[in-house]
Amino acid sequence: MPPQAYDIVIVGGGPAGLAAGLYAARGRRKTLLLERGVTGGQIALTELVENYPGVPSVNGFDLAQAMLKQAESYGLETQSAAVTALERKGKRWLVRTTEGEYVTNAVIVTAGADYNRLGVPGEERLIGRGVSYCATCDAAFFKGQHVAVVGGGDAAIDEGLFTTRYADRVTAIHRRDRLRAGAILQERAFANPKMEFVWNTVVTEILGDETVTGVRLHNRQTGEDSAMDVAAVFIFIGQHPNTDFLRGLVSMDEGGHVLVNEWMETELPGLYAAGDARQNAARQVVTSAGDGATAAIAAERYLSSNFAAYE
Ligand SMILES: Cc1cc2nc3c(=O)[nH]c(=O)nc-3n(C[C@H](O)[C@H](O)[C@H](O)COP(=O)(O)OP(=O)(O)OC[C@H]3O[C@@H](n4cnc5c(N)ncnc54)[C@H](O)[C@@H]3O)c2cc1C
(Lines give C-alpha, C1' and ligand atoms only; values in the text may rest on other atoms or scores of the structure.)
Protein backbone atom coordinates (compact mmCIF):
# COMPACT_ATOMS: atom_id res chain seq x y z
CA MET A 1 0.00 0.00 0.00
CA PRO A 2 1.49 3.42 -0.91
CA PRO A 3 2.09 5.78 2.03
CA GLN A 4 -0.75 8.20 2.84
CA ALA A 5 -0.19 11.65 1.30
CA TYR A 6 -0.60 15.03 3.00
CA ASP A 7 -0.01 18.69 2.17
CA ILE A 8 1.63 19.30 5.54
CA VAL A 9 2.95 16.94 8.23
CA ILE A 10 3.69 18.39 11.68
CA VAL A 11 6.15 16.60 13.97
CA GLY A 12 5.21 17.12 17.63
CA GLY A 13 2.01 18.13 19.40
CA GLY A 14 3.16 20.85 21.82
CA PRO A 15 1.98 24.48 21.58
CA ALA A 16 4.02 25.10 18.41
CA GLY A 17 2.67 22.01 16.64
CA LEU A 18 -0.92 22.64 17.73
CA ALA A 19 -0.81 26.27 16.55
CA ALA A 20 0.75 25.19 13.24
CA GLY A 21 -1.99 22.55 12.96
CA LEU A 22 -4.72 25.13 13.55
CA TYR A 23 -3.37 27.49 10.87
CA ALA A 24 -2.64 24.74 8.34
CA ALA A 25 -6.01 23.00 8.76
CA ARG A 26 -7.87 26.31 8.76
CA GLY A 27 -6.05 27.09 5.48
CA ARG A 28 -7.81 23.95 4.13
CA ARG A 29 -4.56 22.03 3.80
CA LYS A 30 -4.69 18.27 4.41
CA THR A 31 -2.63 18.22 7.57
CA LEU A 32 -1.40 15.44 9.85
CA LEU A 33 0.11 16.01 13.30
CA LEU A 34 2.33 13.21 14.64
CA GLU A 35 2.90 13.03 18.41
CA ARG A 36 5.00 10.37 20.13
CA GLY A 37 3.62 10.98 23.64
CA VAL A 38 1.05 13.19 25.33
CA THR A 39 -0.51 16.00 23.29
CA GLY A 40 0.56 19.32 24.76
CA GLY A 41 4.28 18.59 25.08
CA GLN A 42 5.94 20.32 28.01
CA ILE A 43 2.80 22.20 28.86
CA ALA A 44 0.97 18.96 29.56
CA LEU A 45 3.19 18.70 32.65
CA THR A 46 2.36 22.15 33.95
CA GLU A 47 -0.11 22.62 36.76
CA LEU A 48 -0.89 26.27 35.99
CA VAL A 49 -0.13 28.54 33.04
CA GLU A 50 -0.67 32.17 33.97
CA ASN A 51 1.09 33.98 31.13
CA TYR A 52 -0.86 32.98 28.03
CA PRO A 53 -2.52 36.23 26.94
CA GLY A 54 -6.28 36.31 27.37
CA VAL A 55 -6.29 33.24 29.63
CA PRO A 56 -5.60 34.44 33.19
CA SER A 57 -4.97 31.00 34.70
CA VAL A 58 -5.34 27.54 33.20
CA ASN A 59 -4.14 23.99 33.79
CA GLY A 60 -1.50 23.19 31.14
CA PHE A 61 -3.12 19.92 30.06
CA ASP A 62 -6.51 21.64 29.69
CA LEU A 63 -4.97 24.44 27.60
CA ALA A 64 -3.37 21.86 25.29
CA GLN A 65 -6.65 19.94 24.94
CA ALA A 66 -8.44 23.19 24.03
CA MET A 67 -5.79 23.90 21.37
CA LEU A 68 -6.15 20.37 19.99
CA LYS A 69 -9.95 20.52 19.87
CA GLN A 70 -9.83 23.89 18.09
CA ALA A 71 -7.39 22.60 15.44
CA GLU A 72 -9.34 19.33 14.98
CA SER A 73 -12.55 21.30 14.44
CA TYR A 74 -10.95 22.61 11.21
CA GLY A 75 -9.92 19.13 10.08
CA LEU A 76 -6.48 18.55 11.60
CA GLU A 77 -5.72 14.81 11.68
CA THR A 78 -3.59 13.38 14.47
CA GLN A 79 -1.70 10.14 14.83
CA SER A 80 0.22 8.69 17.75
CA ALA A 81 3.69 7.92 16.34
CA ALA A 82 7.33 8.92 16.78
CA VAL A 83 9.06 10.30 13.71
CA THR A 84 12.33 8.49 13.14
CA ALA A 85 13.59 10.05 9.87
CA LEU A 86 12.80 12.52 7.07
CA GLU A 87 13.92 11.95 3.50
CA ARG A 88 13.66 14.21 0.48
CA LYS A 89 11.86 12.36 -2.36
CA GLY A 90 11.84 14.53 -5.51
CA LYS A 91 9.99 17.66 -4.47
CA ARG A 92 8.20 15.88 -1.62
CA TRP A 93 9.18 14.53 1.81
CA LEU A 94 8.97 10.98 3.07
CA VAL A 95 8.27 10.86 6.81
CA ARG A 96 9.30 7.62 8.49
CA THR A 97 7.65 6.87 11.84
CA THR A 98 7.33 4.03 14.30
CA GLU A 99 3.83 3.37 12.90
CA GLY A 100 4.46 3.65 9.16
CA GLU A 101 5.39 6.14 6.44
CA TYR A 102 3.75 9.28 5.07
CA VAL A 103 4.41 11.43 1.98
CA THR A 104 4.00 15.19 2.27
CA ASN A 105 4.78 18.39 0.41
CA ALA A 106 5.90 20.26 3.55
CA VAL A 107 7.07 19.31 7.05
CA ILE A 108 6.92 21.51 10.15
CA VAL A 109 9.16 20.21 12.92
CA THR A 110 7.85 21.24 16.34
CA ALA A 111 9.48 18.45 18.33
CA GLY A 112 10.39 20.77 21.24
CA ALA A 113 12.97 19.99 23.85
CA ASP A 114 13.42 17.93 26.98
CA TYR A 115 15.04 19.50 30.03
CA ASN A 116 17.96 17.58 31.45
CA ARG A 117 16.88 15.93 34.67
CA LEU A 118 18.95 15.47 37.81
CA GLY A 119 17.80 11.85 37.90
CA VAL A 120 17.34 11.81 41.69
CA PRO A 121 14.50 10.34 43.77
CA GLY A 122 11.50 12.67 44.09
CA GLU A 123 12.22 14.66 40.93
CA GLU A 124 9.76 13.06 38.47
CA ARG A 125 7.03 12.74 41.09
CA LEU A 126 7.20 16.42 42.11
CA ILE A 127 7.41 18.03 38.65
CA GLY A 128 4.86 20.85 38.63
CA ARG A 129 4.60 20.58 42.44
CA GLY A 130 7.73 22.54 43.31
CA VAL A 131 10.15 20.93 40.86
CA SER A 132 10.45 23.27 37.87
CA TYR A 133 12.65 23.74 34.82
CA CYS A 134 11.34 27.26 34.09
CA ALA A 135 11.57 30.13 36.60
CA THR A 136 9.90 32.58 34.21
CA CYS A 137 6.92 30.24 34.32
CA ASP A 138 6.81 29.20 37.97
CA ALA A 139 8.76 31.64 40.21
CA ALA A 140 5.64 33.71 40.96
CA PHE A 141 4.12 30.75 42.83
CA PHE A 142 6.80 31.00 45.54
CA LYS A 143 6.38 34.56 46.79
CA GLY A 144 8.14 35.15 50.12
CA GLN A 145 9.54 31.60 50.29
CA HIS A 146 12.96 29.92 50.29
CA VAL A 147 13.77 28.14 47.03
CA ALA A 148 16.78 26.35 45.52
CA VAL A 149 18.26 26.78 42.06
CA VAL A 150 20.47 23.97 40.74
CA GLY A 151 23.25 24.71 38.23
CA GLY A 152 26.00 27.23 37.66
CA GLY A 153 25.62 28.34 34.05
CA ASP A 154 23.94 31.39 32.51
CA ALA A 155 20.45 29.87 32.65
CA ALA A 156 20.74 28.92 36.33
CA ILE A 157 21.99 32.33 37.42
CA ASP A 158 19.69 34.33 35.14
CA GLU A 159 16.67 32.35 36.29
CA GLY A 160 17.92 32.45 39.90
CA LEU A 161 18.05 36.26 39.74
CA PHE A 162 14.55 36.31 38.24
CA THR A 163 13.35 34.13 41.11
CA THR A 164 14.54 36.72 43.67
CA ARG A 165 11.71 38.99 42.47
CA TYR A 166 9.34 36.66 44.28
CA ALA A 167 11.22 34.43 46.72
CA ASP A 168 12.75 35.88 49.89
CA ARG A 169 15.76 33.59 49.74
CA VAL A 170 17.29 31.80 46.73
CA THR A 171 20.03 29.24 47.32
CA ALA A 172 22.08 28.34 44.26
CA ILE A 173 23.45 24.80 44.55
CA HIS A 174 26.42 24.11 42.29
CA ARG A 175 28.56 21.00 41.99
CA ARG A 176 31.73 23.01 41.36
CA ASP A 177 33.52 25.73 43.37
CA ARG A 178 32.79 28.52 40.87
CA LEU A 179 30.08 29.54 38.45
CA ARG A 180 30.23 29.06 34.68
CA ALA A 181 27.80 31.97 34.09
CA GLY A 182 29.01 35.15 32.36
CA ALA A 183 30.82 37.81 34.42
CA ILE A 184 27.99 40.35 34.54
CA LEU A 185 25.47 37.75 35.66
CA GLN A 186 27.91 36.61 38.35
CA GLU A 187 28.41 40.19 39.58
CA ARG A 188 24.65 40.68 39.82
CA ALA A 189 24.15 37.37 41.59
CA PHE A 190 26.88 37.98 44.18
CA ALA A 191 25.55 41.52 44.82
CA ASN A 192 21.96 40.35 45.31
CA PRO A 193 21.19 40.08 49.05
CA LYS A 194 18.54 37.41 48.43
CA MET A 195 21.00 35.04 46.74
CA GLU A 196 23.31 32.65 48.54
CA PHE A 197 25.57 29.87 47.24
CA VAL A 198 26.31 26.30 48.24
CA TRP A 199 29.46 25.09 46.46
CA ASN A 200 30.81 21.64 45.53
CA THR A 201 27.44 20.19 46.30
CA VAL A 202 24.95 17.97 44.49
CA VAL A 203 21.28 17.30 45.17
CA THR A 204 20.76 13.61 45.99
CA GLU A 205 16.99 13.64 46.67
CA ILE A 206 14.03 15.97 46.43
CA LEU A 207 11.79 15.69 49.47
CA GLY A 208 8.03 16.13 49.88
CA ASP A 209 4.79 14.18 49.56
CA GLU A 210 2.29 16.46 47.77
CA THR A 211 4.70 19.35 47.16
CA VAL A 212 8.43 19.98 47.58
CA THR A 213 9.50 20.52 51.19
CA GLY A 214 13.28 20.23 50.89
CA VAL A 215 16.36 18.68 49.32
CA ARG A 216 19.02 16.25 50.47
CA LEU A 217 22.55 17.40 49.62
CA HIS A 218 25.97 15.80 49.31
CA ASN A 219 29.17 17.85 49.51
CA ARG A 220 31.57 16.36 46.98
CA GLN A 221 34.63 17.82 48.73
CA THR A 222 33.96 16.98 52.37
CA GLY A 223 31.71 13.96 51.77
CA GLU A 224 29.17 15.48 54.19
CA ASP A 225 25.44 14.83 53.71
CA SER A 226 22.85 17.38 54.78
CA ALA A 227 19.26 18.50 54.19
CA MET A 228 17.79 21.92 53.44
CA ASP A 229 14.15 23.06 53.66
CA VAL A 230 12.95 24.69 50.43
CA ALA A 231 9.53 25.15 48.81
CA ALA A 232 10.78 24.69 45.26
CA VAL A 233 13.74 23.42 43.26
CA PHE A 234 14.47 25.12 39.93
CA ILE A 235 16.73 22.88 37.85
CA PHE A 236 18.90 24.37 35.08
CA ILE A 237 21.44 21.79 34.00
CA GLY A 238 20.82 22.17 30.28
CA GLN A 239 18.19 21.00 27.85
CA HIS A 240 18.32 19.00 24.65
CA PRO A 241 16.10 19.61 21.64
CA ASN A 242 14.37 16.52 20.19
CA THR A 243 16.07 16.86 16.83
CA ASP A 244 18.21 13.71 16.59
CA PHE A 245 16.15 12.48 13.63
CA LEU A 246 17.28 15.59 11.66
CA ARG A 247 21.02 15.16 12.24
CA GLY A 248 22.97 15.34 8.98
CA LEU A 249 19.90 16.69 7.15
CA VAL A 250 19.70 20.35 8.28
CA SER A 251 22.04 22.84 9.91
CA MET A 252 21.87 23.01 13.71
CA ASP A 253 23.72 24.90 16.43
CA GLU A 254 26.05 23.06 18.80
CA GLY A 255 23.15 22.23 21.09
CA GLY A 256 21.13 20.61 18.30
CA HIS A 257 18.64 23.47 17.78
CA VAL A 258 17.62 23.83 14.12
CA LEU A 259 18.76 26.99 12.31
CA VAL A 260 15.85 28.88 10.72
CA ASN A 261 15.13 32.37 9.38
CA GLU A 262 12.37 34.65 10.69
CA TRP A 263 9.79 32.62 8.70
CA MET A 264 10.90 29.41 10.45
CA GLU A 265 12.33 28.16 7.14
CA THR A 266 15.31 25.82 7.22
CA GLU A 267 17.71 25.83 4.27
CA LEU A 268 15.72 22.95 2.71
CA PRO A 269 12.59 23.62 0.62
CA GLY A 270 9.36 22.79 2.42
CA LEU A 271 11.05 22.06 5.75
CA TYR A 272 10.33 24.30 8.75
CA ALA A 273 11.26 24.22 12.44
CA ALA A 274 9.37 26.12 15.13
CA GLY A 275 9.17 26.45 18.91
CA ASP A 276 11.74 25.14 21.39
CA ALA A 277 13.38 22.95 18.72
CA ARG A 278 14.70 25.97 16.85
CA GLN A 279 17.68 28.18 17.61
CA ASN A 280 17.12 31.33 19.72
CA ALA A 281 13.59 30.43 20.79
CA ALA A 282 12.16 32.33 23.77
CA ARG A 283 10.85 28.98 25.09
CA GLN A 284 7.38 30.00 26.16
CA VAL A 285 3.92 28.74 25.24
CA VAL A 286 2.94 31.99 23.56
CA THR A 287 6.17 32.32 21.56
CA SER A 288 6.06 28.65 20.52
CA ALA A 289 2.46 29.06 19.35
CA GLY A 290 3.53 32.19 17.44
CA ASP A 291 6.39 30.26 15.82
CA GLY A 292 4.02 27.47 14.82
CA ALA A 293 1.59 29.92 13.23
CA THR A 294 4.46 31.63 11.36
CA ALA A 295 5.73 28.29 10.03
CA ALA A 296 2.26 27.29 8.83
CA ILE A 297 1.80 30.62 7.02
CA ALA A 298 5.23 30.21 5.39
CA ALA A 299 4.37 26.62 4.41
CA GLU A 300 1.08 27.77 2.90
CA ARG A 301 2.93 30.30 0.72
CA TYR A 302 5.45 27.64 -0.32
CA LEU A 303 2.71 25.17 -1.27
CA SER A 304 0.78 27.80 -3.23
CA SER A 305 3.88 28.78 -5.24
CA ASN A 306 5.31 25.30 -5.81
CA PHE A 307 2.43 22.85 -6.12
CA ALA A 308 -0.67 22.95 -8.29
CA ALA A 309 -3.96 22.54 -6.41
CA TYR A 310 -4.49 18.89 -5.25
CA GLU A 311 -0.98 17.91 -6.42
C1 LIG B 1 7.44 22.29 33.91
C2 LIG B 1 7.32 23.36 32.84
C3 LIG B 1 6.50 24.44 33.06
C4 LIG B 1 6.35 25.42 32.08
N5 LIG B 1 5.49 26.45 32.33
C6 LIG B 1 5.31 27.40 31.38
C7 LIG B 1 4.41 28.48 31.61
O8 LIG B 1 3.77 28.58 32.66
N9 LIG B 1 4.28 29.40 30.61
C10 LIG B 1 4.98 29.34 29.44
O11 LIG B 1 4.79 30.20 28.57
N12 LIG B 1 5.87 28.34 29.22
C13 LIG B 1 6.04 27.36 30.15
N14 LIG B 1 6.95 26.35 29.92
C15 LIG B 1 7.68 26.33 28.66
C16 LIG B 1 6.74 25.82 27.53
O17 LIG B 1 6.02 24.70 27.97
C18 LIG B 1 7.55 25.48 26.28
O19 LIG B 1 8.26 26.61 25.84
C20 LIG B 1 6.62 25.02 25.15
O21 LIG B 1 5.85 23.90 25.53
C22 LIG B 1 7.42 24.66 23.90
O23 LIG B 1 6.50 24.26 22.93
P24 LIG B 1 6.94 23.37 21.68
O25 LIG B 1 5.67 23.03 20.97
O26 LIG B 1 8.01 24.05 20.93
O27 LIG B 1 7.62 22.05 22.28
P28 LIG B 1 7.14 20.98 23.37
O29 LIG B 1 6.14 21.54 24.31
O30 LIG B 1 8.41 20.42 23.91
O31 LIG B 1 6.39 19.88 22.49
C32 LIG B 1 7.08 19.07 21.58
C33 LIG B 1 6.29 17.79 21.36
O34 LIG B 1 6.91 17.04 20.32
C35 LIG B 1 6.87 15.67 20.65
N36 LIG B 1 7.95 15.00 19.93
C37 LIG B 1 9.29 15.13 20.14
N38 LIG B 1 9.98 14.36 19.26
C39 LIG B 1 9.05 13.75 18.50
C40 LIG B 1 9.15 12.82 17.41
N41 LIG B 1 10.33 12.40 16.95
N42 LIG B 1 8.00 12.35 16.85
C43 LIG B 1 6.77 12.77 17.31
N44 LIG B 1 6.62 13.64 18.34
C45 LIG B 1 7.76 14.15 18.92
C46 LIG B 1 7.04 15.65 22.16
O47 LIG B 1 6.53 14.45 22.72
C48 LIG B 1 6.24 16.88 22.57
O49 LIG B 1 4.89 16.55 22.86
C50 LIG B 1 7.09 25.34 30.88
C51 LIG B 1 7.96 24.25 30.66
C52 LIG B 1 8.06 23.26 31.62
C53 LIG B 1 8.96 22.08 31.37
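As a convention, each chain's residues are numbered from 1 in the sequence order in which they are written. Reporting in this predicted model follows two pLDDT cut-offs: at least 70 for local features of residues, and 80 or more for side-chain atom pairs to be given and counted; totals over whole chains, interfaces and linings ignore these cut-offs and use all residues. Water and hydrogen atoms were dropped before computing side-chain values, which therefore reflect all heavy atoms in the structure.

Draft legend 1. Expanded view of the sheet that holds strand β12 (residues 201-207). With respect to topology, three strands assemble into an open sheet ordered β12-β13-β14, the strand pairing being antiparallel. Only two strands of the sheet have a single neighbouring strand rather than two, namely β12 and β14 (225-229). Going across the sheet, the axis of each strand differs from the next one's by a mean of 30°, ignoring polarity. Here a strand pair is declared whenever DSSP counts at least two bridges between the two strands. Under the scheme used here, helices are H or I runs from DSSP no shorter than 4 residues and strands are E runs no shorter than 2 residues, and both carry numbers assigned from the N terminus. Note that β12 and strand β13 (residues 214-219) share six bridges and pair antiparallel. Pairing of Val202 across the sheet is with His218, part of β13. Axis definition: a line fitted to C-alpha atoms, limited for helices to the stretch in contact. Angles are taken between N-to-C directions and run from 0 to 180 degrees.

Draft legend 2. Geometry of the sheet that holds strand β9 (residues 146-150). What the five strands build is an open sheet, ordered β8-β15-β9-β10-β11; its pairing is parallel. Since the sheet does not close on itself, it has two edges, and those belong to β8 (131-132) and β11 (195-198), each with one partner. Relative to strand β10 (residues 169-173), β9 is paired through five bridges, and the arrangement is parallel. From the neighbouring strand, Val147 faces β10, where its bridge partner is Val170. Contacting β9, β10, β11 and β15 (232-235), helix α4 (residues 154-163) runs over the sheet at an angle of about 170° to β9. Working rule for contacts: check all heavy atoms of both residues, and any pair within 4.5 Å makes them a contact.

Draft legend 3. The arrangement of helix α1 (residues 15-26) in detail. Here α1 is twelve residues long and its end C-alpha atoms lie 16 Å apart, about the 16 Å a rise of 1.5 Å per residue gives. Any residue under 20% of the maximum accessible area for its type is buried, any over 50% is exposed, and the rest in between are partly exposed; the area is computed with a 1.4 Å probe on protein chains only. For α1, the tally of buried residues reaches ten of twelve residues, placing the bulk of the element in the interior. Every buried residue of α1 is listed here: Pro15, Ala16, Gly17, Leu18, Ala19, Ala20, Gly21, Leu22, Ala24 and Ala25. Of the surrounding elements, those touching the buried residues of α1 are β1 (4-11), β2 (31-35), α2 (60-72), β6 (100-109) and α6 (285-306). To estimate the expected span of a helix, subtract one from its residue number and multiply by 1.5 Å.

Draft legend 4. Here's a closer look at unusual backbone geometry. One non-glycine residue, Asn200, adopts positive backbone phi at about 50°. Taking the relative accessible area as the measure of exposure, Asn200 reaches 13% and is therefore buried. Within the chain, Met264 stands out as a residue other than glycine whose phi angle is a positive 70°. Its place among the elements puts Met264 in the loop between β16 (239-241) and β17 (271-273).

Draft legend 5. Molecular detail of the site of the ligand. The cutoff for a nearby residue is simple: one of its non-hydrogen atoms must lie within 4 Å of the molecule or strand. Near the ligand, the surroundings consist of 36 residues, among which Glu35, Gln42, Asn51, Asp276 and Val285 are the closest. Within 3.5 Å is the distance limit for a polar contact, defined as a pair of N or O atoms, with the added protein rule that one can donate a hydrogen and the other accept it, and that residues adjacent in sequence qualify only through two side-chain atoms. At 3.2 Å, a backbone N or O of Pro15 approaches an oxygen atom of the ligand. The backbone of Val285 places a nitrogen or oxygen atom 2.8 Å from an oxygen atom of the ligand. Burial of the ligand by the surrounding chains reaches 97%, relative to a free accessible area of 1,000 Å². Throughout, the ten residues Ala, Val, Leu, Ile, Met, Phe, Trp, Tyr, Cys and Pro are labelled nonpolar, Asp, Glu, Lys and Arg are labelled charged, and all others, Gly among them, are labelled polar. By residue class, the composition of the shell around the ligand is 17 nonpolar, 14 polar and five charged. The Shrake-Rupley method, run with a 1.4 Å probe, gives the accessible areas here. Residue values count only the displayed protein chains as cover.

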